[in-house]
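Chain and residue survey
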Amino acid sequence: MKKYLALLCAALLCAGCLALAACSGGTSGSAASSNGSAAASSAASSQAADPAASFVGDWKIVGATTQGITVAGDFSQFLGDEANMTINLKEGGTGSAVVNEETQEITWKVENDTTVSMTANGETLTGVLEDGIMKIEMQDSEFTGEMLLSKDGSTPVVKEISAEGAQSITSEDALVGDWKLSGMNIAGMTAYGDADQLSQLAGGTDTTMTIEKGGSGTLMGEQVEWSVSADGAVVSMSGMDIPVKSFDGGLMIDLSDVLGTTMIMTFSK
């Protein structure tokens, strides 16, 4: 099971690479939900009665983390059937893991209120429950990091990148400077983390933005012009006016209206 899970996690990160490349190429789905309070409350209540009850059920892959990068969301349109991964934990300590339509029988046991161990073919993995997400640490030649699974498909511990949290910019001081891509939301998938690692995910593509005084600059290696008015800030390139807003201490560029699908990029200094 460990080998298959490592390969799946690597595939998820490849999906992040495809999405980032699409973002950079686009300049030349909805974000993951952050409402996990109900799930956390339910999990806490179950743990108080019986720790095992918190783990029983079907767990679906919703993301992966590695080297300071988190990738989460709906991967099916990027990976197809390869995105399928479910762990079923039954009462009594038995269960199964389905990866790419291949099923392996597993046994499992509760180690404490938030930790479970799962064994298949002599290999044991540990899952830790946090706010409705089960995190499974992986260390393999194919992947080193954590796999994220949930019962309902939500990702409450994953940062939300949404246009709803952005604010208009009406001062050029908030815009001018050198910026690095720090996150993105494209067609139902979110990726964020260390700027240099994100650049590597995008195959070394230029993922920076420079806004210079006077109305010029560059975005991912392309020349742009920018302006700020009472209605907000925009970056113009190739005949397109792209809104730029303030988000989470940095900037957000929303290409969704231009491209007809969700595509949001966030930048930080």
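Structure: see above.
Residues numbered from 1 in each chain as written. Predicted model: local features only at pLDDT ≥ 70, side-chain atom pairs only at ≥ 80, totals over all residues. Heavy atoms only, no water.

Across its full length, the protein holds five helices and 19 strands. Looking at the protein residue by residue over its 269 residues, the buried ones come to 46%. Entry remark: accessible area of the protein is about 12200 Å², with carbon and sulfur atoms responsible for 44%. (Helix = DSSP H or I, 4+ residues; strand = E, 2+ residues; numbered from the N terminus. Buried < 20%, exposed > 50% of the residue type's maximum accessible area, 1.4 Å probe, protein only. Areas by Shrake-Rupley, 256 points an atom, 1.4 Å probe, with all protein chains shown as cover.)

In the case of a regular strand, side chains alternate between the two sheet surfaces. In terms of strand pairing, strand β6 (residues 115–120) meets strand β7 (residues 123–130) through six bridges, oriented antiparallel. Considered in β7, the bridge of T119 is made with T124. Connecting β6 to the next strand, β7, in antiparallel fashion are two residues, including N121 with a positive phi near 55°. As defined by bridge partners, β7 adjoins strand β8 (residues 133–139) across four bridges and the pair is classed as antiparallel. Looking at β8, one finds that E130 is bridged to I133. A loop of two residues connects β7 with β8, the two strands running antiparallel in sequence, and D131 in this loop sits at a positive phi of about 50°. (Pairing = 2+ DSSP bridges.)

Let's shift gears to the environment of E91. Structurally, the position occupied by E91 is in the loop between β3 (85–89) and β4 (94–99). The exposed category is assigned to E91, whose relative accessible area is 70%.

Along the polypeptide, T170 turns up in the loop between β10 (167–168) and β11 (177–186). With a relative accessible area of 54%, T170 lands in the exposed category. Aside from chain neighbours lying at most four places away, what touches T170 is V228, S229 and A230. (Contact = heavy atoms within 4.5 Å.)

Attention now moves to unusual backbone geometry. Even without being glycine, D131 reaches a positive phi, approximately 50°. Mapped onto the elements, D131 comes out in the loop between β7 and β8. For M220, which is not glycine, the phi torsion reads 55° and is therefore positive. Following the sequence through the fold, M220 ends up in the loop between β14 (216–219) and β15 (222–229).

Turning our attention to the nonpolar core. Of all hydrophobic cores here, the largest spans 30 residues; its most connected members are L175, M209, L219, V244, L251, I253 and F267. When residues of this core are assigned to their parent elements, the largest contribution, four residues, is made by β11. (Core = buried A, V, L, I, M, F, W, Y, C linked by side-chain atoms within 4.5 Å.)

On to the side chain of S162, then. On the secondary structure map, S162 appears in the loop between β9 (144–150) and β10. The contacts of S162, once residues within four sequence positions are left out, are F247, M252 and I264.

This paragraph deals with the packing of aromatic side chains. Inspection of the entire model under this criterion finds zero aromatic pairs. Sitting over the face of the ring of Y192, K159 holds its NZ or CZ atom 5.9 Å from the ring centroid. (Phe/Tyr/Trp six-rings, centres within 6.5 Å; stacked < 30°, edge-to-face > 60°. Lys NZ or Arg CZ within 6 Å of the ring centre and 35° of its normal.)

Next up on the list: the pattern of salt bridges. Applying the stated criterion to the full structure yields three salt bridges. Residue K159 pairs with D248 through a salt bridge whose shortest N-O separation is 2.8 Å. Remark: D248 occurs in the loop between β17 (240–247) and β18 (250–254) and K159 occurs in the loop between β9 and β10; sequence separation between them is 89 residues. When its relative accessible area of 29% is taken as the criterion, K159 is described as partly exposed. A relative accessible area of 58% means that D248 is categorised as exposed. (Salt bridge = Lys/Arg side-chain N within 4 Å of Asp/Glu carboxyl O.)

A few words on the environment of A97. You can see A97 is positioned in strand β4. Assessed through its relative accessible area of 2%, A97 is described here as buried. Distance in space between the C-alpha atoms of A97 and T86 is 5.8 Å, their sequence separation being 11 residues.

Here strand β13 (residues 208–212) shows a clear split, with M209 and I211 buried on one side and none of T208, T210 and E212 buried on the other. As judged from the four bridges shared by β11 and β13, these two strands associate in the antiparallel manner. Directly across from D178, in β13, lies its bridge partner T210. By the bridge criterion, four bridges tie β13 to β14 in an arrangement that is antiparallel. In the strand pairing of β14, M209 is matched with L219. Once β13 ends, the chain turns through three residues before running back antiparallel as β14, passing G214 with a positive phi of about 105°.

Considering the arrangement of structural elements, one finds N185 in strand β11. Look at N185 and you get buried, because its relative accessible area is 2%. A distance of 3.1 Å separates a polar atom in the side chain of N185 from the backbone oxygen of I161. (Polar contact = N/O pair within 3.5 Å; in protein donor to acceptor, adjacent residues only side chain to side chain.)

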